[in-house]
Amino acid sequence: MFEEASEVFDNMFKSSFPLTFIVFIPAVLILVSPLPAEAAHEFTVYRMQQYDLQGQPYGTRNAILNTEARTVEAEVLSRRCVIMKLADFSYEKYQKALRQSAGAVVIILPKNMSALPQDIVQQFMELEPELLATETIIPVYFAMEDDELLSIYTQTLTSSTSQGSLSAAEVLLHTATANGFQMVTSGAQSKAVSDWAITSLEGRLAGVGGEDLPTIVVVAHYDSFGVAPWLSYGADSNGSGVSLLLELARLFSKLYTYKRTHAGYNLLFFLSGGGKFNYQGTKRWLEDNLDHTDSSLLQDNVAFVLCLDTLGNGDSLHLHVSKPPKEGTPQHQLLKELELVISSQYPEVKFSMVHKKINLADDMLAWEHERFGIRRLPAFTLSHLPSHRLAQRSSIMDVRSVSPSSHYGVGEPPAGPYVDMKKLGRNTKIVAEALARVVYNLTEKGAPGDLQIFTEQMQVQEEQLSAVVEWLTAQPRAAQLVDKDSSVVSTLEYHLTRYLKDVKKHYVKADKRDPEFVFYDQLKQTMNAYRVKPAIFDLLLAVCIAAYLGVMYLAIQNFGVLYSVVRRITQPKTKTH
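Taking an unreviewed UniProt entry as the reference, the protein chain is identified by name as BOS complex subunit NCLN belonging to Mugilogobius chulae. Its UniProt record gives the protein chain the following Sequence similarities (unreviewed entry) comment, quoted word for word: "Belongs to the nicastrin family." In its Subcellular location (unreviewed entry) section, the UniProt entry covering the protein chain states "Endoplasmic reticulum membrane".

Here it is in structure tokens:
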């Protein structure tokens with residue numbers, strides 16, 4: 001009976017391939033059916049700068065990401081998304097990812113930047129210009145760490161580093177069985193933003209005593225800059241300069257309210273946009289006032305232009321000039337008044353003049369006063385920084401302000417740039433006193449250097465300074481994010497109208513035929529990390545399925561022989577007598 005059953009099955013499988021296919025197809029479908037991808041984590045990422053300036057491209061040129069995650073410790077990074085923590089970041093590791101044609105780079109930033117060691121913060125600030133200096137084809141993103149993202153990083157790091165000490169077979173098995181993460185962005189490819197307007201604001205206090213009065217111009221750019229626009233808060237550079245300008249506007253508006261203290265100088269206040277992009281707002285403002293109008297305060301009798309930049313820290317002040325002021329000029333008078341006020345009232349502050357000629361061959365101007373110097377207007381920049389090349393002027397690390405009641409103790413400042421409200425208040429007082437001495441010509445009138453004008457009801461309000469800085473650093477102010485209808489612009493306009501007259505907005509748009517600057521979108525996206533098996537897992541699975549089907553095919557084609565062998569093995573032996 002068993003022999004007959006064997007012949008029946010053997011003939012059935014050999015002569016009826018469709019029946020064979022039907023019998024085995026369910027097993028094949030079960031084995032090869034893909035497991036649904038599991039969304040491990042969804043988080044916000046911030047893309048590196050992408051812009052063109054004077055025809056030169058800067059930053060990353062791509063925004064789309066759909067590739068498997070690896071850490072930089074992995075042997076192969078080609079077409080992988082390389083994730084690394086800021087604490088472990090270095091330019092050499094970044095270049096390794098680029099050399100191996102990585103698909104993308106994601107840098108994880110800590111929640112509390114001040115917890116980072118000072119050397120790591122300083123190193124990254126110095127690397128930011130290097131990251132933007134050349135065009136990068138692959139997308140580069142920054143993400144704020146959280147528990148899920150750190151878990152993804154840890155698992156990916158373990159998978160990347162554990163392969164170095166294993167044999168080839170162990171590496172293959174580990175790779176096939178390990179869980180991986182597919183990093184996918186939800187946005188589209190970046191494209192140029194057309195008709196983007198950079199907004200600047202001006203307001204004035206008119207002097208008294210005649211028509212041809214000298215004009216003092218006070219300038220500060222309000223936009224911020226860093227390696228990623230959505231992470232650029234610019235506390236010291238240049239939130240401190242903006243808050244100082246607004247406080248000067250408040251103080252002198254009070255003085256100009258009363259006839260007895262109404263001076264014979266016009267005061268013109270200008271908050272410029274696009275400062276971090278070669279001072280585009282200032283350039284257009286000068287063109288509008290000097291080339292395209294018949295009547296402007298800038299065309300008449302400009303005493304000097306004082307630009308305020310990064311004044312929220314330090315125990316030194318530097319007056320940056322393109323041409324040393326000549327004795328007897330208003331700009332020389334301001335220089336001497338600053339020296340007098342500092343030496344008489346704040347001897348702990350070191351003051352110096354820094355002379356640097358304008359280099360028109362450079363792609364970027366060093367300081368904002370150089371825009372005025374090119375148009376032959378006497379100008380200088382006051383800053384606590386001795387050089388324009390210092391990294392804290394353009395860093396995403398410039399995010400903190402510190403009040404006098406801060407929890408940071410003496411000798412324990414936070415890592416990275418920050419605004420010390422006490423020192424900002426001191427610097428505001430120095431500038432205000434020096435300007436007042438120029439406006440009222442106090443030195444020639446015999447007033448002593450320690451005479452303080454801004455006291456009691458007229459004193460500098462540190463609370464006001466602090467409120468402005470905190471508001472400015474509560475949102476990123478990169479030029480690509482601040483349009484003409486932005487709350488930043490409207491709030492600055494509100495503050496100016498409180499103290500000044502004839503407040504106006506000025507707009508600058510890039511020339512469509514030969515644009516000086518081009519901005520791009522897709523600077524903030526949502527990224528999903530999907531838990532997936534690596535590609536080699538699919539390959540091994542296919543090999544196993546092929547082997548299984550091959551064994552089954554041979555077993556079916558030789559079912560009679562296989563049955564006979566099994567029968568002989570399992571048939572009990574008969575005893576012989």
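1. Brief notes about the overall build of the protein chain
Tallying secondary structure elements over the protein chain gives 15 helices and 21 strands in all. Counting across all 577 residues of the protein chain, residues that qualify as buried make up 50%. For the protein chain, the computed accessible surface area is about 27500 Å², with 54% contributed by carbon and sulfur atoms.

2. Here we look at the environment of Ser-344
As for its placement among the helices and strands, Ser-344 is situated in helix α9 (residues 330–345). Ignoring any residue separated from it by four or fewer positions in sequence, one finds Ser-344 in contact with Gly-449 and Asp-450. Separated by 2.9 Å, the side chain of Ser-344 and the backbone oxygen of Leu-340 make a polar contact.

3. Considerations on the side chain of His-506
Among the secondary structure elements, His-506 is positioned in strand β19 (residues 501–509). A relative accessible area of 16% means that His-506 is categorised as buried. At 2.6 Å, the side chain of His-506 and the side chain of Glu-202 are in polar contact. In this structure His-506 touches Ile-198, Thr-199, Ser-200, Glu-202, Trp-285 and Asp-288, once residues within four positions along its chain are discounted.

4. Thoughts on a nonpolar patch on the surface
There is a patch of nonpolar side chains on the surface, built from Val-561, Val-565 and Ile-569 and spanning about 280 Å² of accessible area. Among the secondary structure elements, Ile-569 is positioned in helix α15 (residues 559–570). A residue is classified by how much of its surface remains accessible, and Ile-569, at 66% relative accessible area, is exposed.

5. Structural notes on the pattern of salt bridges
Taken as a whole and assessed by the stated rule, the structure comprises 19 salt bridges. The residue Lys-336 makes a salt bridge to Glu-339 at a minimum N-O spacing of 3.5 Å. Linking Lys-336 with Glu-339, this pair stays in helix α9, spanning 3 residues, or about one helical turn. Residue Glu-337 is joined to Arg-437 by a salt bridge in which the shortest nitrogen-to-oxygen separation is 2.9 Å. Note that Glu-337 is positioned in helix α9 and Arg-437 in helix α11 (residues 421–439), a separation of 100 residues in sequence. Residue classification places Glu-337 among the buried positions, given a relative accessible area of 3%. Assessed through its relative accessible area of 1%, Arg-437 is described here as buried.

6. A few points about the sheet that holds strand β16 (residues 379–383)
Read from one edge of the open sheet, 8 strands run β15-β14-β16-β13-β11-β12-β10-β19, paired in mixed fashion. Only two strands of the sheet have a single neighbouring strand rather than two, namely β15 (350–355) and β19. The sheet shows a mean angle of 20° between the axes of neighbouring strands, taken without regard to direction. As paired strands, strand β10 (residues 197–205) and strand β12 (residues 266–272) are joined by 5 bridges and run antiparallel to one another. What sits directly across from Leu-201, in β12, is Leu-271. Helix α7 (residues 235–255) contacts β10, β11 (215–221), β12 and β13 (302–308) of the sheet and is inclined by roughly 145° relative to β11. Docked against the sheet, helix α13 (residues 487–499) engages β10, β12 and β19, running at close to 10° with respect to β10.

Calculation criteria
- Residues numbered from 1 in each chain as written.
- Predicted model: local features only at pLDDT ≥ 70, side-chain atom pairs only at ≥ 80, totals over all residues.
- Heavy atoms only, no water.
- UniProt positions renumbered as here; feature names shortened; annotations may be inferred.
- Helix = DSSP H or I, 4+ residues; strand = E, 2+ residues; numbered from the N terminus.
- Buried < 20%, exposed > 50% of the residue type's maximum accessible area, 1.4 Å probe, protein only.
- Areas by Shrake-Rupley, 256 points an atom, 1.4 Å probe, with all protein chains shown as cover.
- Contact = heavy atoms within 4.5 Å.
- Polar contact = N/O pair within 3.5 Å; in protein donor to acceptor, adjacent residues only side chain to side chain.
- Patch = residues over 30% accessible without salt bridge, like charges linked within 9 Å, V, L, I, M, F, W, Y side chains within 5 Å.
- Salt bridge = Lys/Arg side-chain N within 4 Å of Asp/Glu carboxyl O.
- Pairing = 2+ DSSP bridges.
- Axes fitted to C-alpha atoms, helices over the stretch in contact; angles between N-to-C directions.

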